[in-house]
Amino acid sequence: MAQPQRRLEPAAAAFSRGPAILIAAIAALGGLLFGYDTGVISGAELFFTKDFHLSPGGEELAVSGVLIGAIVGAAVAGQLADAFGRRRTLIILAIIFAAGAILTALAPNLAIFVAFRIVIGFGIGAAAVVAPMFIAEMAPPAIRGALVSFDQLAITIGILVAYLVDLAFAAAGMGWRPMFAVAVIPAAVLGIGMFFLSDTPRWLASKGRWEESRRALERVVGGAQAETELREIRTSLEREETVPWINRVRELLRPGLRWALIVGVGLAILQQFVGINTVIYYAPTIFLIAGFKSASTAILATTVVGVVNVLSTVVAIFLVDRLGRRALLLIGIAGMMVTLTAIGVVFAIGPNKAGYFILACVLLYIVSFAISMGPVFWLMSSEIFPNKLRGTGASLSTVANWAANLLVSITFLSLLHAAGNSLTFWIYAFMALVTLLFVWFIVPETKGKTLEQIEAYWRNGRQWVAAPPAEKGLLHR
Ligand code: BGC
């Protein structure tokens, strides 16, 4: 992976790297579907809850079904991508996304609806692992950081598009079914796009298909550079003996490296425990509770949330290598703590026009999340694990992320009913405080460090080594 301090100039250099950008944009459709298929539920929910006569429990199940599938998808994605290739796995996922979209739209009852949402969830969870992996292994080293960040941007764009589509169909009085069906379009583009791409040089090489690997490389970098990178891949593959999965997990639990796992899994869980998806999935419901008069205005307010999420993510991409991960995390988490507390206070005092106060707080909360835990969790989960254990480490933290997501989404409405609106948001504010302490005391600043320095940091009992070793293994993920 490119050195972190080089991650931004890449964004500029990127414009002369057309093929790589196109390839990354196609794969990032995996992120777009992740965002769309998770975001679409917020506007659809108001309608299918009525159609299916759902209790709060049924509503939570309908919202969370996708997350159960995502946990399974994230857990098996690494193995699928190794066995079938990244490209073929993404094509299979595109078919799952397309079929899931149509079948969910046609679901006659809650049970079938939830079953197909679980299927779509499988696609989302697996795409969350494979799409960034595909981009990382395809991208020229100099622009890899910027290109991989496209995936998180695509997630937020997917959420925004979902909100807009929800808004359009709600305004047209067409209900929830077409909202789900629309996902068939990006799914088809992903499938057709991937069909015309080759697999990644690294996967092809791992299967001994060196000629194809060279051609795939030459498409994104020049011939001479392709030659160098091919040598790097060979060295890196020789270094990576094939260790059974369980031994890799054991290796990550050893003293030293254990801290990398704690940071990865800790950030994964806390990213969800600060309550981001109560807003992403339930925003219209929150706005209705806060006093918005109609479903359409609540969905419109939610769309503003989506726009702010995308724009703030762009800002984060430009800041993350300048201010550093820790600074962004600390500023953003403090922002979330304040805004979550304020939401609780507004619910408690209930001033007139509380809806607009809540909207303002939710927007500031989204800015705070989108410049910190949103992109930085995914970034750190791809850079803190040692080369050989990166797939396993990233997969474990991704599973933890979806499991925590499930826990929060499935309990949110019950928590509102049991604890009341204010206490619910104060609980998330408390989790933000825990996150702040976690980052302050445990999360290292990885800005400007090579991946080898980061690996040495864990192995040396969390001490930075003075002399940076040369970057190795250009195409490891
Ligand atoms: C999180 C998702 C969340 C999204 C919101 C991602 O980083 O993993 O759970 O819905 O950000 O933008």
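Look a little higher up for the structure.
Cut-offs used in this document
Residues numbered from 1 in each chain as written. Predicted model: local features only at pLDDT ≥ 70, side-chain atom pairs only at ≥ 80, totals over all residues. Heavy atoms only, no water. Helix = DSSP H or I, 4+ residues; strand = E, 2+ residues; numbered from the N terminus. Buried < 20%, exposed > 50% of the residue type's maximum accessible area, 1.4 Å probe, protein only. Contact = heavy atoms within 4.5 Å. Expected span 1.5 Å × (residues − 1). 1 Å grid on protein atoms, 1.4 Å probe; cavity = no way out; pocket = protein on both sides within 12 Å on 5 of 7 lines; lining within 4 Å. Points joined across faces, edges and corners; volume = space filled by probe spheres on them. Nonpolar A, V, L, I, M, F, W, Y, C, P; charged D, E, K, R; others polar. Phe/Tyr/Trp six-rings, centres within 6.5 Å; stacked < 30°, edge-to-face > 60°. Lys NZ or Arg CZ within 6 Å of the ring centre and 35° of its normal. Near = heavy atom within 4 Å. Polar contact = N/O pair within 3.5 Å; in protein donor to acceptor, adjacent residues only side chain to side chain. Areas by Shrake-Rupley, 256 points an atom, 1.4 Å probe, with all protein chains shown as cover. Sits in = over half its atoms within 2 Å of the grid points. Salt bridge = Lys/Arg side-chain N within 4 Å of Asp/Glu carboxyl O.

A. Structural detail: the overall build of the chain. Helices and strands together make up the secondary structure of the chain, namely 22 helices and zero strands. The proportion of buried residues among the 477 residues of the chain is 59%. Partitioning the intrachain contacts of the chain with sequence separation of at least 6 by distance along the chain shows that 82% fall at a separation of at least 24.

B. Region of the structure containing helix α21 (residues 421–442). Taking 1.5 Å of rise per residue, 22 residues should cover 32 Å, and α21 covers 32 Å from first to last C-alpha, within 8% of that figure. Every buried residue of α21 is accounted for by Ser 422, Thr 424, Phe 425, Tyr 428, Ala 429, Met 431, Ala 432, Thr 435, Leu 436, Phe 438, Val 439 and Ile 442. Each element contacted by the buried residues of α21 is listed here: α14 (257–273), α15 (276–289), α17 (325–349), α19 (373–383) and α20 (390–419).

C. Fine view of empty space enclosed by the protein. This model, assessed by the stated rule, comprises four cavities of 30 Å³ or more. Taken as a whole, the second largest cavity encloses approximately 210 Å³ of empty space. Along the walls of the second largest cavity sit 18 residues, with Phe 34, Ile 155, Ile 159, Asn 277 and Phe 369 positioned nearest its centre. When contributions to the lining of the second largest cavity are tallied by element, the ones reaching two or more residues are α3 (29–51), α7 (144–171), α14, α15 and α20. Taken together, the residues of the lining of the second largest cavity sort by class into nine nonpolar, nine polar and no charged.

D. Structural detail: the packing of aromatic side chains. Evaluated as defined, the whole model comprises 22 aromatic pairs. Here a set of aromatic residues connected by ring pairs shows up, and it is made of Phe 48, Phe 52, Phe 113, Trp 176 and Phe 180. The positively charged end of Arg 87 is found above the aromatic ring belonging to Phe 195, 6.0 Å away from the centroid. If you follow Arg 462 out to its NZ or CZ, it ends over the ring of Trp 259, 3.8 Å from the centre.

E. The arrangement of the side chain of Asp 151 in detail. On the secondary structure map, Asp 151 appears in helix α7. Other than its neighbours up to four places away in sequence, Asp 151 contacts Ala 28, Gly 31, Ala 131, Pro 132 and Ile 135.

F. Layout of the site of the ligand. In the vicinity of the ligand, the contacting residues are Gln 152, Thr 156, Ile 159, Gln 271, Gln 272, Asn 277, Asn 309, Phe 369, Gly 374, Trp 378, Asn 401 and Asn 405. The side chain of Asn 277 places a nitrogen or oxygen atom 2.7 Å from an oxygen atom of the ligand. Taking Asn 309, its side chain carries an N or O atom lying 3.0 Å from an oxygen atom of the ligand. Expressed as a share of its isolated accessible area of 310 Å², the protein-covered part of the ligand is 99%. Of all the cavities here, the one that holds the ligand is the second largest cavity. Residue assignment for the shell around the ligand shows that the elements contributing at least two residues are α7, α14, α19 and α20. Counting residues per element, the shell around the ligand draws most heavily on α7, at three residues. Among the residues forming the shell around the ligand, the class breakdown is three nonpolar, nine polar and no charged.

G. Representation of the environment of Glu 229 in the model. Tracing the chain through its elements places Glu 229 in helix α12 (residues 223–239). Residues Glu 229 and Leu 217 lie twelve residues apart in sequence; the distance between their C-alpha atoms is 8.1 Å.

H. Focus on the pattern of salt bridges. Going through the model one piece at a time under the given rule, you end up with seven salt bridges. Of the charged contacts, one joins Arg 86 and Asp 82 as a salt bridge, the two residues approaching to 3.0 Å between their closest N and O atoms. Ionic pairing is found between Glu 227 and Arg 214, a salt bridge with its closest N-O pair at 2.5 Å. Here Glu 227 is found in helix α12, whereas its partner Arg 214 is found in helix α11 (residues 210–220), with 13 residues between them in sequence. Of the residues examined, Arg 214 reaches a relative accessible area of 23% and is grouped as partly exposed. If you follow the salt bridges from partner to partner, you end up with Glu 211, Arg 214 and Glu 227 in one network.

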